[in-house]
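# Structural overview
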Amino acid sequence: MNQTTKKLCVLAMICAVAFILAAIVRVPVVLFLRYDPKDVVIAIAGFLYGPMAALMVAVVVAVVQMFTVSQTGPIGLLMNIIASAAFCCTAAFIYKKKRTMSGAVIGLAVATLFATIVMMLWNYIITPIFMDVPRQAVVGLLLSAFLPFNLISNTLNAAFTLLLYKPIKSALQASNLMPAPETTVKGKINIGIIVGSGFAILTCILWVMVLQGYI
């Protein structure tokens, strides 16, 4: 296979995995809001092939969701695309400019904040229409529900992306689905990334447990 065909195969696999995660993994966070990790896979697609690839995967997965497992129709489609694009494309754009570990960390940190702000705005605009409630009722949920949900979701996405990107890229290169680097450098395990990502994930889990009333 040439590189274009291999790229399409990888993106097709990524779309399938992202959809499966969105359909199966639905973790309650606060009220009716549930976390699914599909944006981790979409962000990895962006790191591998750039922000346009991330956008393409986000749109494909959102469309498939709308016609299969989602009950939110076109509004859910719009919100899914915006949420995924705000996080994944932002992280991928920054990483494309600086393809280093620090570039990945910066990109994911900026994406976490940017996507949280973007979704707060769109929740304010769309939720009253979707739920058929007064806008003032949604305003009351912005800080108590939507803000913690988006921060937790995006922080988890960032942490899992940091942990999984390099192993997945190495596996794709070993399978000859991506070109291997010209020189193989044996790098040390980045303990800082593992510890930092693990701490972020643990913090989010504890936060969810507080919001769910378990602790």
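Residue numbers restart at each chain and count upward from 1, following the sequence in its written direction. pLDDT decides what is reported in this predicted model: residues at 70 or higher carry local features, side-chain atom pairs at 80 or more are listed and counted, and totals for whole chains, interfaces and linings draw on all residues regardless. Hydrogens and water are ignored here; the side-chain numbers use all heavy atoms of the structure.

A run of H or I in DSSP counts as a helix once it spans at least four residues, and a run of E counts as a strand once it spans at least two, with each numbered from the N terminus. Secondary structure summary: the protein contains seven helices and two strands in total. The helix and strand sequence of the protein, counted from the amino end, reads α-β-β-α-α-α-α-α-α. Its C-alpha radius of gyration of 18 Å places the protein within 12% of the 17 Å reference for a compact globule of 215 residues. The 215 residues of the protein split such that 43% are buried. Sequence-distant contacts, at least 24 apart, represent 71% of the contacts inside the protein between residues at least 6 apart. The Shrake-Rupley method, run with a 1.4 Å probe sphere, supplies the accessible areas, and residue values consider only the shown protein chains as cover. Carbon and sulfur atoms make up 72% of the accessible area of the protein, which totals about 11400 Å². For the radius of gyration, the atom set is restricted to C-alpha positions; the globular benchmark scales as 2.2 Å times the number of residues to the power 0.38. Only protein chains enter the area calculation, which uses a 1.4 Å probe; residues under 20% of their type maximum are buried, those over 50% are exposed, and those in between are partly exposed. Any two residues whose heavy atoms approach within 4.5 Å are treated as being in contact.

Our next topic: a nonpolar patch on the surface. Like-charged residues are merged into a patch within 9 Å and nonpolar side chains (Val, Leu, Ile, Met, Phe, Trp, Tyr) within 5 Å, provided each residue has over 30% relative accessible area and no salt bridge. A pair is scored as a salt bridge if a Lys or Arg side-chain nitrogen falls within 4 Å of a carboxyl oxygen belonging to Asp or Glu. A contiguous nonpolar surface patch, about 620 Å² in accessible area, is contributed by Leu202, Leu206, Trp207, Val210, Tyr214 and Ile215. By relative accessible area, leucine 206 is classed as partly exposed at 39%.

Further remarks concern helix H7 (residues 191–211). Expected helix span is computed as 1.5 Å times (number of residues minus one). Here H7 is 21 residues long and its end C-alpha atoms lie 30 Å apart, about the 30 Å a rise of 1.5 Å per residue gives. Looking only at H7, the buried set comprises Ile193, Ser197, Ala200, Ile201, Cys204 and Val208. Down the axis of H7, the smallest arc covering the buried residues is 95°, so these residues share one side. Opposite the packed face of H7, turned more than 90 degrees from it, sit the exposed residues Ile191, Gly192, Val195 and Phe199. Buried residues along H7 sit in contact with strand S1 (27–30), helix H5 (101–131) and helix H6 (135–174). N or O atoms within 3.5 Å of each other form a polar contact, as long as, within protein, one can give a hydrogen and the other can take it, and as long as residues adjacent in sequence are counted only when both atoms are side-chain atoms. Capping of H7 at its N-terminal end is provided by asparagine 190; its side-chain oxygen lies 3.2 Å from the backbone amide nitrogen of glycine 192. To obtain the arc, one takes the directions from the helix axis to the C-beta atoms.

Moving on, we get to the environment of phenylalanine 87. Here phenylalanine 87 is to be found in helix H4 (residues 73–97). The buried category is assigned to phenylalanine 87, whose relative accessible area is 0%. Taking the C-alpha atoms as reference points, phenylalanine 87 and glutamine 136, 49 residues apart in sequence, are found 27 Å from one another. The contact partners of phenylalanine 87, leaving out residues within four places of it in the chain, are Asp39, Ala43, Leu108, Ala111, Thr112, Ala115, Asn154, Asn157 and Ala158.

Counting all residues, the mean pLDDT for the protein is 92, and 96% of those residues have values of 70 or more. Across the chain, each position has a pLDDT score giving the predictor's confidence in that residue, from 0 to 100. Within the protein, helix H2 (residues 38–49) carries the highest mean pLDDT (97), whereas H7 carries the lowest (92).

In this tally, Asp and Glu contribute negative charge and Lys and Arg positive charge; neither His nor the terminal groups of the chain are included. By convention, the point assigned to a charge is CZ for Arg, NZ for Lys, CD for Glu and CG for Asp. A surface patch of like charges, here positive, comprises Lys7, Lys96, Lys97, Arg99 and Lys166. Its location among the elements puts lysine 96 in helix H4.

Over its 25 residues, H4 runs 36 Å from end to end, which matches the ideal 36 Å to within 8%, given 1.5 Å per residue. Considering bend angle alone, the principal kink of H4 is centred on alanine 85 and spans about 30°. Note that the bend at a residue is defined as the angle between axes fitted to the seven residues ending at it and the seven residues starting at it.

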